[in-house]
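Observations on chain architecture
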Amino acid sequence: MRAVRLVQVGKPLEEADIPIPEIGSSDVLIRIAAAGICHSDAHYRAGISKIDCLPLTLGHEVAGRVEEVGGDVTHLSAGDRVCVHYLVSCGRCEFCVRGLEQFCRSGQMIGKHRDGGYAEFIKVPGANAFPLPNEIPFEVGAMMMCSSATALHALNKARFKAGESIAILGFGGLGFSALQLARVFGCGEVYMVEINPAKLALAASMGAVAIDARSADPVDQIKEATGGKGVDVALELIGSAKTMRQAVLCLGPLGRAALVGLTAESMSVRPYTELISKEAEIVGVSDHLATELPVLIEFVRSGKLRFPQETLRFVNLDAVQINAALDALHHSTDHVRTVIRVASGV
Ligand SMILES: [Zn+2]
Ligand SMILES: [Zn+2]
């Protein structure tokens, strides 16, 4: 089969002809129809995030049709439309049995620790393949399994409830889903903190209060807009110490700051005035859970979470096109997502 693989860190991905994977009794073989190109794939190619074993087929946002089913897989049949949960876990360790598979002792991420979706076929455990309703195009089914799933997990981790106000710091792919999902949760006012004028305008058109971080301190602006109170929840989606601190400072009493963006920087907090006196919380958010995915899929199926055509662009399973898309991700963090349409997938 054709695959586009990372052979050497720091170099363009290369096209390869490799065997179709052989499945075990608990696996399914999926004929890939679509695979999302994610910012983290650009990090793997550049060596910013380490990949231990090369060559490797990248791609952790995958949807397609079941081609072959292992003997122990009972919930799927050949021909079923599916999307893929990217964390492969053992199902037996102390975390897996509690439904916390992101801490699995032997967990593997598709497209990082094992071959991913920039290919014609992928082998995954049956437990990682979720039925994809006919109403959801494969392209959306692939892409929603990363940023949208993590945005939903962030709201869940922040224990976001109907009527609560929320500040979202950063309007990229995660923010695009987070803003819509906050609505689905029945949110109060949404404050979108950004510096990009086009994104601020789009956020406003989607019903958020646009907070232009270039014009004045976003914390002051949020405090003023909330009558001095602050917000109930803040989502930090950028990954900088500065915006993480802003997420904490814009909280009101009992507020929760959910940190999703990645940074190696330290952040400072004044425990008494900024956390203790408000009983505020800082919550770390990592990936998402299999148990959250059916809910997410239903939100997309029913049109509550939407990805208009202009927010997606498409390439073929072609190394030149994929490398160009990864190059573009280095220079931009807009909410437009690139998805590989695999010609043989249906
Ligand atoms: Zn991703
Ligand atoms: Zn486990």
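Overview of the structure. (Residues numbered from 1 in each chain as written. Chains lettered and ligands numbered in written order. Predicted model: local features only at pLDDT ≥ 70, side-chain atom pairs only at ≥ 80, totals over all residues. Heavy atoms only, no water.)

What to know about the coordination of the zinc ion (ligand 2)
The zinc ion (ligand 2) binds to the protein through Cys90 (SG), Cys93 (SG), Cys96 (SG) and Cys104 (SG), with metal-donor distances spanning 2.3 to 2.4 Å. Its four donor atoms give the zinc ion (ligand 2) angles of 104 to 118° at the centre, a pattern that matches the tetrahedral case. (Donors = N, O, S within 2.8 Å, 3.2 Å for Na, K, Ca; no water. Tetrahedral: all angles 85-135°; square planar, octahedral: opposite > 155°, others 65-115°.)

What about the sheet that holds strand β16 (residues 281-284)?
What the six strands build is an open sheet, ordered β13-β12-β11-β14-β15-β16; its pairing is parallel. On the outer flanks of this sheet lie β13 (209-212) and β16, each paired with one strand and no other. Averaged over all pairs of adjacent strands, the angle between their axes in this sheet comes to 20°, without regard to strand direction. One ladder, built from four bridges, connects strand β11 (residues 166-169) with strand β12 (residues 190-194); its direction is parallel. By the bridge assignment, Ile166 is partnered in β12 with Val190. (Pairing = 2+ DSSP bridges. Helix = DSSP H or I, 4+ residues; strand = E, 2+ residues; numbered from the N terminus. Axes fitted to C-alpha atoms, helices over the stretch in contact; angles between N-to-C directions.)

Overview of the packing of helix α2 (residues 138-157) against helix α8 (residues 293-301)
At a minimum axis separation of 10 Å, α2 and α8 run at an interaxial angle of 115°. Considering how the two elements wind past one another, α2 and α8 form a crossing that is right-handed. Of the residues in α8, those touching α2 at Val140, Met144, Met145, Ser148, Ala149 and Leu152 are Leu293, Leu296, Ile297, Phe299 and Val300. Classifying every residue of the contact of α2 with α8 gives 10 nonpolar, one polar and no charged. (Left-handed = near helix turned anticlockwise from the far one by under 90°. Contact = heavy atoms within 4.5 Å. Nonpolar A, V, L, I, M, F, W, Y, C, P; charged D, E, K, R; others polar.)

Observations regarding the packing of aromatic side chains
What the rule picks out here adds up to four aromatic pairs. Taking 5.8 Å as the distance between ring centres and 65° as the angle between the ring planes, the aromatic pair formed by Phe95 and Phe103 counts as edge-to-face. Of the residues examined, Phe103 reaches a relative accessible area of 43% and is grouped as partly exposed. Seen from their ring centres, Phe176 and Phe307 are 6.3 Å apart, and the 45° between their planes marks the pair as tilted. One end of the pair, Phe176, is in helix α3 (residues 173-184); the other, Phe307, is in the loop between α8 and β17 (312-316), with 131 residues separating them in the sequence. For Phe176, a relative accessible area of 5% puts it in the buried group. For Phe307, a relative accessible area of 12% puts it in the buried group. Grouping aromatic residues by their ring pairs yields a cluster made of Phe171, Phe176 and Phe307. Here Arg81 stacks its cationic end above the ring of Phe138, 4.2 Å away from the centre of that ring. (Phe/Tyr/Trp six-rings, centres within 6.5 Å; stacked < 30°, edge-to-face > 60°. Buried < 20%, exposed > 50% of the residue type's maximum accessible area, 1.4 Å probe, protein only. Lys NZ or Arg CZ within 6 Å of the ring centre and 35° of its normal.)

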